[in-house]
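Chain by chain, the residues run as shown.
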Amino acid sequence: MTIRPPVLRPDIEGCLAALSTVLGSNCLYTRREDLVRYETGARYGAGRAAFVMRPASTEGVSAALKICADHQVVVLPQGANTGLVGASTPDASGHQAVLSFERMASGIRLNHINRSVEVSAGVSLSTLNNVLENSGLWFPIDLGADPTIGGMIATNTGGTRFIRYGDVRRHVLGLEVVLYDGTILNFMDQVRKNNTGFDAKQLFIGTSGQFGIVSRAVLEVHPLPHNAATALIVPSSTAGALDILLHLEECFGPQLTSFEGISETALAVVFSEVPQLRNPFLNEPLPPYALLVEVSSWNKDGGNGINVEDELSREIERAFEEGKIENAFTQDAINLWSIRHHISDSLKRKGKVIALDVSVPRDRLMQFREEACAQVQRLADFVMIADFGHLGDGGIHFNMIWPHDVPYDAEQVERLRTTVYDVVASHGGSFSAEHGVGPFNAHFYDRYVPAGKREIERLIARAIGFLENDKP
């Protein structure tokens with residue numbers, strides 16, 4: 001989506017004069033040396049901010065947005081700035097303002113009996129989970145980065161344990177939202193069941209701040225698992241990975257908390273670039289594909305006296321006897337998960353990463369992967385493909401690495417990206433599974449999203465007051 005409030009002639013100086021009286025100098029940055037760290041995203045997006053606002057309350061956010069709206073200044077909300085599609089960084093015009101939530105990084109109120117927590121948008125995922133851990137709870141969205149809660153809601157993140165817990169949307173009970181004209185909307189429900197009409201808070205989950213900015217939220221949280229078992233499994237064939245998934249789902253049901261796939265190339269890169277990791281395949285060739293599996297239980301005794309580690313080992317042995325797997329490693333879970341979490345950073349050292357975050361129906365995933373790899377190799381056989389991702393939910397991080405020693409060709413990269421997305425579309429998938437759209441992918445939104453859906457979103461934006469005519 002690229003819907004934004006209409007912009008006529010931004011009055012930067014007038015806006016700053018009004019903001020300085022409301023926010024104060026500590027909450028308003030204008031000096032170039034203070035702005036730099038807000039202007040570059042984690043992977044894409046690097047521009048020039050007109051100024052940075054750092055309110056400490058919802059009322060401060062409201063006042064800042066109203067002033068910016070009155071002076072026609074576009075505002076970009078920014079949490080931890082870990083997004084990968086350039087949605088939280090300004091463009092090169094120097095006319096856009098950044099609204100940072102770094103001063104709204106406290107305020108966590110736990111309702112243990114309701115198993116919910118009220119939290120400010122600027123609180124980081126790690127901070128929230130550190131607080132919840134003291135009560136035997138957690139917010140089970142596992143990510144490689146450490147985003148803020150507001151950013152996670154805006155992008156509806158999923159993560160490695162989606163197969164068991166679902167995405168952020170699944171856990172949002174209530175929201176407080178500030179519209180771009182400064183209006184504060186209170187949807188801070190604590191209840192799990194509420195069918196009194198349209199669930200308006202859904203407009204602000206997964207829409208990247210297009211309709212309004214989340215300032216606070218009420219989240220459902222879960223008991224921390226007391227028992228967990230992890231295994232790195234080598235399937236007898238890549239195509240057979242989904243058979244193993246179905247088998248483990250039948251055996252463990254909701255106790256299967258993660259089912260990740262890792263390609264041979266991704267494994268090779270991480271072991272070469274992070275030598276402190278222990279390579280379980282040290283004395284044998286790397287497999288074409290590997291599965292990282294986790295089974296866990298909330299019950300202190302494992303559930304009716306069942307030990308999930310013993311049960312997983314038993315099922316792996318059974319699958320080995322049936323010829324479904326070739327090898328498996330069940331020791332040192334911390335190391336096995338470290339392998340998975342170090343992949344993204346390792347790939348950057350090999351070249352320019354062309355990172356695609358896509359999803360297809362689970363039954364089409366392996367066929368998609370085969371077709372996409374073939375198309376990339378046909379167009380640019382020097383490009384390295386290092387994919388990994390969430391097989392359990394049909395998601396895959398399809399990473400293409402442009403080597404450092406090959407001159408970068410932006411047009412060729414665009415062809416590669418479009419070609420892979422076309423394969424995704426042919427399998428009924430999504431070109432943006434988790435990362436959102438953002439400026440970097442905006443033109444793909446117009447290419448792949450049906451016209452009817454785009455028009456509905458435009459009508460909603462117009463109703464909220466963002467659009468004065470038919471064009472964003």
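Attention in this report is confined to the structure presented alongside it.

Conventions used here
- Residues numbered from 1 in each chain as written.
- Predicted model: local features only at pLDDT ≥ 70, side-chain atom pairs only at ≥ 80, totals over all residues.
- Heavy atoms only, no water.
- Pairing = 2+ DSSP bridges.
- Helix = DSSP H or I, 4+ residues; strand = E, 2+ residues; numbered from the N terminus.
- Axes fitted to C-alpha atoms, helices over the stretch in contact; angles between N-to-C directions.
- Contact = heavy atoms within 4.5 Å.
- Phe/Tyr/Trp six-rings, centres within 6.5 Å; stacked < 30°, edge-to-face > 60°.
- Buried < 20%, exposed > 50% of the residue type's maximum accessible area, 1.4 Å probe, protein only.
- Lys NZ or Arg CZ within 6 Å of the ring centre and 35° of its normal.
- Salt bridge = Lys/Arg side-chain N within 4 Å of Asp/Glu carboxyl O.
- Arc of directions from axis to C-beta.
- 1 Å grid on protein atoms, 1.4 Å probe; cavity = no way out; pocket = protein on both sides within 12 Å on 5 of 7 lines; lining within 4 Å.
- Points joined across faces, edges and corners; volume = space filled by probe spheres on them.
- Nonpolar A, V, L, I, M, F, W, Y, C, P; charged D, E, K, R; others polar.
- Parallel < 35°, antiparallel > 145°, perpendicular 65-115°, else oblique.
- Left-handed = near helix turned anticlockwise from the far one by under 90°.
- Core = buried A, V, L, I, M, F, W, Y, C linked by side-chain atoms within 4.5 Å.

### Focus on the sheet that holds strand 8 (residues 172-178)
Here is step 1: As summarised here, the arrangement of the five strands in space is 5-6-10-8-9, forming an open sheet in which the pairing is antiparallel. The open sheet has two edge strands with one neighbour each: strand 5 (108-111) and strand 9 (184-187). Here the average twist between neighbouring strands, direction ignored, is 15°.
Here is step 2: By the bridge criterion, six bridges tie strand 8 to strand 10 (residues 213-220) in an arrangement that is antiparallel. Within strand 10, the residue paired with glutamate 176 across the bridge is arginine 216.
Here is step 3: Contacts from helix 3 (residues 58-70) reach strand 8, strand 9 and strand 10, with the element oriented near 45° to strand 8.
Here is step 4: The sheet contacts of helix 4 (residues 125-133) involve strand 5, strand 6 (116-120) and strand 10, and relative to strand 5 the element is tilted by about 40°.

### Overview of the packing of aromatic side chains
Here is step 1: This structure, assessed with the given rule, holds 13 aromatic pairs.
Here is step 2: Centre to centre, the rings of tyrosine 421 and tyrosine 448 are 6.1 Å apart; their planes meet at 85°, and the pair counts as edge-to-face. Taken together, the positions of tyrosine 421 in helix 13 (residues 410-426) and tyrosine 448 in helix 14 (residues 438-448) put the pair 27 residues apart, joining distant regions of the chain. Like tyrosine 421, the residue tyrosine 448 is buried in the burial classification.
Here is step 3: Aromatic rings pair up to connect Tyr421, Phe431, Phe444 and Tyr448 into one cluster.
Here is step 4: The ring of tryptophan 337 has arginine 161 sitting right over it, with the charged end atom 4.9 Å from the ring centre.
Here is step 5: Above the plane of the ring of tyrosine 165 lies arginine 164, whose end atom (NZ or CZ) is 4.7 Å from the centre.

### Comments concerning the pairing of strand 19 (residues 395-403)
Here is step 1: Burial within strand 19 is extensive, with nine of its nine residues counted as buried.
Here is step 2: Here strand 19 shows a buried face lined by Gly395, His397, Asn399, Ile401 and Pro403 and a second buried face lined by Ile396, Phe398, Met400 and Trp402.
Here is step 3: Two elements, strand 16 (residues 351-359) and strand 19, share nine bridges in a ladder whose sense is antiparallel. If you follow leucine 356 over to strand 19, its bridge partner there is phenylalanine 398.
Here is step 4: Looking at chain direction, strand 17 (residues 384-385) and strand 19 are connected through two bridges and run antiparallel. Residue pairing for strand 19: methionine 384 is matched across the bridge by isoleucine 401.

### Let's talk about the pattern of salt bridges
Here is step 1: According to the stated counting rule, one finds 27 salt bridges in the structure shown.
Here is step 2: Across the salt bridge formed by aspartate 332 and arginine 278, the nearest N and O atoms sit 3.7 Å from each other. Of this pair, aspartate 332 sits in the loop between strand 15 (325-329) and helix 10 (333-341) while arginine 278 sits in the loop between helix 8 (264-273) and strand 14 (289-297), placing them 54 residues apart in sequence.
Here is step 3: The exposure class of arginine 278 is partly exposed, given its relative accessible area of 40%.
Here is step 4: Through salt bridges with shared partners, a single ionic network connects Arg109, Glu118, Glu176 and Arg216.

### Thoughts on helix 4
Here is step 1: All buried positions along helix 4 are accounted for by Leu125, Leu128, Asn129 and Leu132. Angular distribution of buried residues about the axis of helix 4 spans 95°; they occupy a single face of the element.
Here is step 2: Contacts made by the buried residues of helix 4 are with strand 5, strand 6, strand 7 (137-138), helix 5 (149-155) and strand 10.

### Points about the layout of surface pockets
Here is step 1: By volume, the second largest pocket is sized at about 660 Å³.
Here is step 2: Lining the second largest pocket are 32 residues; nearest its centre among them are Ser430, Ser432, Ala433, Glu434 and Val437.
Here is step 3: Its residues assigned to classes, the lining of the second largest pocket comprises twelve nonpolar, 14 polar and six charged.

### Examining the packing of helix 1 (residues 12-23) against helix 3
Here is step 1: Interaxial distance between helix 1 and helix 3 falls to 9 Å at its minimum, and their mutual angle equals 165°. Classified by the interaxial angle, the pair formed by helix 1 and helix 3 is roughly antiparallel. The handedness of the crossing between helix 1 and helix 3 comes out as right-handed. Mapping the contact onto sequence places Cys15, Ala18, Leu19, Val22 and Leu23 in helix 1 and Gly60, Ala63, Ala64, Ile67 and Cys68 in helix 3.
Here is step 2: Here the residues of the contact of helix 1 with helix 3 are counted per class, giving nine nonpolar, one polar and no charged.

### Notes on the environment of glycine 395
Here is step 1: By the secondary structure assignment, glycine 395 is in strand 19.
Here is step 2: Overall, the relative accessible area of 4% leaves glycine 395 in the buried class.
Here is step 3: Expressed as a C-alpha distance, the spacing of glycine 395 and isoleucine 163, which sit 232 residues apart in the sequence, is 10 Å.
Here is step 4: Excluding residues that lie within four positions of it along the chain, glycine 395 makes contacts with Val358, Ser359, Leu365, Gly389 and His390.

### Considerations on empty space enclosed by the protein
Here is step 1: In this structure the tally under the stated criterion is two cavities of 30 Å³ or more.
Here is step 2: Taken as a whole, the second largest cavity holds about 40 Å³ of empty space.
Here is step 3: What lines the second largest cavity is simply Ile233, Ile244, Leu248, Glu315, Ile316, Ala319 and Ile325.
Here is step 4: Contributions of two or more residues to the lining of the second largest cavity are made by helix 7 (241-252) and helix 9 (308-321).
Here is step 5: Broken down by element, the residue count for the lining of the second largest cavity peaks at three residues, all from helix 9.
Here is step 6: Among the residues forming the lining of the second largest cavity, the class breakdown is six nonpolar, no polar and one charged.

### Details of the nonpolar core
Here is step 1: Among the nonpolar cores identified, the biggest contains 50 residues, and Leu291, Val293, Leu312, Phe368, Leu391, Phe398 and Met400 are the most heavily contacted of them.
Here is step 2: Apart from the residues within four sequence positions on either side, leucine 391 is in contact with Ala241, Leu242, Leu245, Phe259, Glu260, Gly261, Tyr289, Leu291, Arg362, Leu365 and Met366.
Here is step 3: Ile141, Val177, Ala217 and Ala461 belong to the second largest nonpolar core, which has 26 residues in total.

### Quick notes on the side chain of histidine 247
Here is step 1: Its place among the elements puts histidine 247 in helix 7.
Here is step 2: Since its relative accessible area comes to 15%, histidine 247 is described here as buried.
Here is step 3: If near-sequence neighbours (up to four positions away) are discounted, histidine 247 is found in contact with Glu315 and Lys324.

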